[in-house]
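For reference, the chains in residue letters:
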Amino acid sequence: MLHIYCPHCCEYREEEEFHCKGQAHIARPLDPDNCSEQEWANFIFFRKNTKGQHQELWHHSAGCGKFFNVSRNTITYKIEQSYLLGTAPQPVLDVNKEGKA
Amino acid sequence: MEKYSGLSLVKHSLSHHENWERQWANPTPNKKYDIIIVGAGGHGLATAYYLAKVHGITNVAVLEKNHLAGGNIARNTTIVRSNYLWDESAALYEHSMKLWEGLSQDLNYNVMFSQRGVYHTCHTLGDMRANERLVHANQIQGVDNEMLTAEQLQKEIPTLDCSAGARYPIMGASVQRRAGNARHDAVAWGYARAASALGVHLIQNCEVTGMIIDGSNTIRGVKTKQYGEIRADRVGCVAAGNSGEMARMAGFEMPVESHPLQALVSEPIKPFLDTVVMSNHVHGYMSQSDKGDLVIGAGIDGWVGYGQRGSYPIIEHTIQAIVEMFPCTSRVRMNRQWGGIVDTTPDACPIIGTTPVKNMFMNCGWGTGGFKGTPGSGWAFAETLAQGKPGDLAAPFSMDRFVTGALIDEHGAAGVAH
Ligand SMILES: Cc1cc2nc3c(=O)[nH]c(=O)nc-3n(C[C@H](O)[C@H](O)[C@H](O)COP(=O)(O)OP(=O)(O)OC[C@H]3O[C@@H](n4cnc5c(N)ncnc54)[C@H](O)[C@@H]3O)c2cc1C
Ligand SMILES: [Zn+2]
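Calculation notes
Residues numbered from 1 in each chain as written. Chains lettered and ligands numbered in written order. Predicted model: local features only at pLDDT ≥ 70, side-chain atom pairs only at ≥ 80, totals over all residues. Heavy atoms only, no water. Helix = DSSP H or I, 4+ residues; strand = E, 2+ residues; numbered from the N terminus. Buried < 20%, exposed > 50% of the residue type's maximum accessible area, 1.4 Å probe, protein only. Polar contact = N/O pair within 3.5 Å; in protein donor to acceptor, adjacent residues only side chain to side chain. Pairing = 2+ DSSP bridges. Axes fitted to C-alpha atoms, helices over the stretch in contact; angles between N-to-C directions. Contact = heavy atoms within 4.5 Å. Salt bridge = Lys/Arg side-chain N within 4 Å of Asp/Glu carboxyl O. Nonpolar A, V, L, I, M, F, W, Y, C, P; charged D, E, K, R; others polar. Core = buried A, V, L, I, M, F, W, Y, C linked by side-chain atoms within 4.5 Å. Domains from an automatic or database assignment. Parallel < 35°, antiparallel > 145°, perpendicular 65-115°, else oblique.

J.: Got a minute to help me understand the environment of S13 of chain B in this structure?
T.: Residues and elements named next belong to chain B. Relative to the helices and strands, S13 resides in helix 1 (residues 6–13). According to the relative accessible area criterion, S13 is partly exposed, its value standing at 35%. Of the polar contacts made by the side chain of S13, one reaches the backbone oxygen of V10; its length is 2.5 Å.

J.: I'm lost on the sheet that holds strand 4 (residues 118–122) of chain B in this one. Help?
T.: Sheets are built from strands paired through backbone hydrogen bonds, the pairs being either parallel or antiparallel. Residue and element names in this part refer to chain B. Sheet architecture is open: eight strands sit in the order 5-6-4-13-14-15-12-16, paired in mixed fashion. On the outer flanks of this sheet lie strand 5 (146–149) and strand 16 (334–344), each paired with one strand and no other. Strand-to-strand twist across the sheet, computed as the mean angle between neighbouring axes with direction ignored, equals 20°. Bridge count for strand 4 against strand 6 (residues 172–176) is five bridges, and the pairing is antiparallel. Opposite T121, over in strand 6, you have A173 as the bridge partner.

J.: Looking at this model, I keep getting lost on helix 8 (residues 243–250) of chain B. Mind explaining?
T.: For the α-helix, the turn length of 3.6 residues means that residues three or four positions removed from each other point alike. Residues and elements named next belong to chain B. Helix 8 sits mainly inside the fold: six of its eight residues count as buried. Among the residues of helix 8, those classed as buried are S243, G244, E245, M246, A247 and A250. Turning to helix 8, the residues buried within the fold contact strand 1 (32–38), strand 9 (208–213), strand 11 (228–237), strand 16 and strand 18 (360–364).

J.: Looking at this structure, how should I read the interface of chain B and chain A?
T.: Reports often express the size of an interface as the amount of accessible area lost when the parts come together. In this complex, chain B contributes 32 residues to the contact, which on the side of chain A involves 24 residues. Run the count over chain B and chain A and you get one salt bridge. When the shortest N-O distance is used, the salt bridge between K48 of chain A and E253 of chain B registers 4.0 Å. For the interface between chain B and chain A, the tally reads 14 residue pairs in polar contact (both at pLDDT 80 or more). Where the side of chain B that touches chain A is concerned, the elements lending two or more residues are helix 8, strand 12 (257–266), helix 9 (312–325) and helix 11 (401–404) of chain B. Taken together, the residues that form the side of chain B that touches chain A break down as 15 nonpolar, nine polar and eight charged.

J.: Is there a simple way to explain the nonpolar core in this structure?
T.: As a rule of thumb, nonpolar side chains are buried together in soluble globular proteins. Residues and elements named next belong to chain B. Formed by 59 residues in total, the largest nonpolar core has its most connected members in I37, W100 and Y191. When residues are assigned to domains, this core turns out to be shared by domain 1 (6–10 + 24–109 + 183–256 + 347–414) and domain 2 (118–178 + 258–344), each giving three or more. Once you skip the residues sitting within four places of it in the chain, Y191 turns out to touch L45, A46, Y49, Y50, L103, L107, T374 and P375.

J.: Just to check I follow, could you spell out the environment of G297 of chain B for this structure?
T.: All names here are of chain B. For G297, the location among the structural elements is in strand 15 (residues 294–300). On the basis of relative accessible area, G297 is assigned to the buried category, the value being 0%. Among residues more than four places away in sequence, those in contact with G297 are T77, Q262, A263, G284, Y285 and T318.

J.: Looking at this structure, I do not really get the sheet that holds strand 4 (residues 53–59) of chain A. What am I missing?
T.: Residues and elements named next belong to chain A. Taken in spatial order, the four strands of this open sheet run 3-4-5-6, and their pairing is antiparallel. Bordering the open sheet on either side are strand 3 (19–23) and strand 6 (79–83), each of which pairs with just one other strand. When the angles between neighbouring strand axes are averaged without regard to direction, this sheet yields 30°. One ladder, built from three bridges, connects strand 3 with strand 4; its direction is antiparallel. Directly across from C20, in strand 4, lies its bridge partner W58.

J.: I keep staring at the packing of helix 3 (residues 87–101) of chain B against helix 10 (residues 374–387) of chain B and nothing clicks. Help me out?
T.: Pairs of packed helices are described in terms of their axes, by the angle between the two and the distance that separates them. All names here are of chain B. For the pair helix 3 and helix 10, the least separation of the axes is 7 Å and the interaxial angle reads 110°. With respect to helix 10, the element helix 3 is oriented roughly perpendicular. Residues L92, H95, S96, L99 and W100 of helix 3 touch helix 10, and the partners they reach there are T374, P375, G376, W379 and A380. For the contact of helix 3 with helix 10, a count of residues per class yields six nonpolar, four polar and no charged.

Set out below in structure tokens:
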């Protein structure tokens, strides 16, 4: 079970209170009327599917109802940090593929 | 290849079954092949077998980073059915079903395919409508599928709680009677043995770490951890949960995400369930193995994960669903629980076909439900690799559909987890 820190509630809560909403920091095309089909496809469907350190969007759905980002290792599942939307994750130690620092 | 038969059993009993020949060879790889297949799961092995058998191409290597058949093929809950909604997927899965029906004979290997039927229970009006629509679509496609009332269902499965007092009362069900399950390991081993006998090289403990791509964006082979470079004219990637890694090595992204999917089995108990029951609504499914264990499948964890394990709340939720459907199982103890990494796509259908790199092909995105597709997947991908382009069965499943918008939305029919 993941133990997730909500930066809005400023508390650790159990995974069941949250929903993962997938890869974070996907920018919506600035000029949607002039996007190619490939650009729309990239925005809607194509994903990094990172094996290693992954930034993802979470929703505190059964808590405060707010969104935030989490940086998590997808091999070890260890959560490095939670951070607010519109901010970048703090730089951390380089985590190699096996997840050992 | 020594043919398996009743007679061979009797013959080998004379030497206490100590002289059976090895099921497949363990060659060291050549420097170059016509075709390299990455991943010796069910789909990779089936691809190799049909390449050799149907297309006569035997200068083929299957590269596997671990021992063969240790990935999802060894971790799934073995449900086989073909009652999908759209014509494209029904054609693919029904082709697979027809291959299943003759597979043990074809491979001379008992894959224990058991057509014990698969039921989808309906708990809401929405469920009923979706399943009736599916049944009608299947009838037009020539795929068997029928609706049952709750009373009929109760007669066919006495231990299932079809009472009005259930928390989510069952209103009816659809059933595909030709559906069922099979022994997963035997499927992989049977394909491996038959492919090896036709001359295919199965290279175990050979991890692909990179793709060799030349200046004209054409693949020339793969880099491996244990054997260095191995060249090939064409490369087909069938790496299930690691398909995203294959794409990354070749420098492109895909509409695929890898998630943990969990399953569990109970202690063996006396036979009480002779079929497969699944519920999309309470979200769980169960069958009973020939050994007597209850085989229970969960849904995916909602986040990307490569750890071959998932979260506990998913297991808890699944067990709640099973006890809701089969109250008599509430005190059965669970023996083992595990996870596999499944490669899911936005429309719950696989991706089979070409990639942005010339002569590199992908067969992935089978997600939570690729075991049933093993023979059909291998058959369609072998055709793709042999011809250098997809045939009729595979063509609608190109990665391009996510750009053109021609999705094949099987979320309704794919249901719980397969
Ligand atoms: C818990 C669970 C339950 C399931 N239940 C069902 C079900 O009831 N019915 C159903 O139809 N489907 C089910 N599935 C889905 C099904 O198991 C998969 O869709 C299917 O097995 C995937 O194809 P495969 O057998 O080729 O995959 P795998 O067996 O995973 O094969 C992929 C292979 O690629 C290898 N590989 C990866 N990276 C590399 C590399 N770099 N170099 C070399 N080799 C590499 C892996 O080691 C692996 O052996 C279930 C899956 C899970 C996890
Ligand atoms: Zn919160």
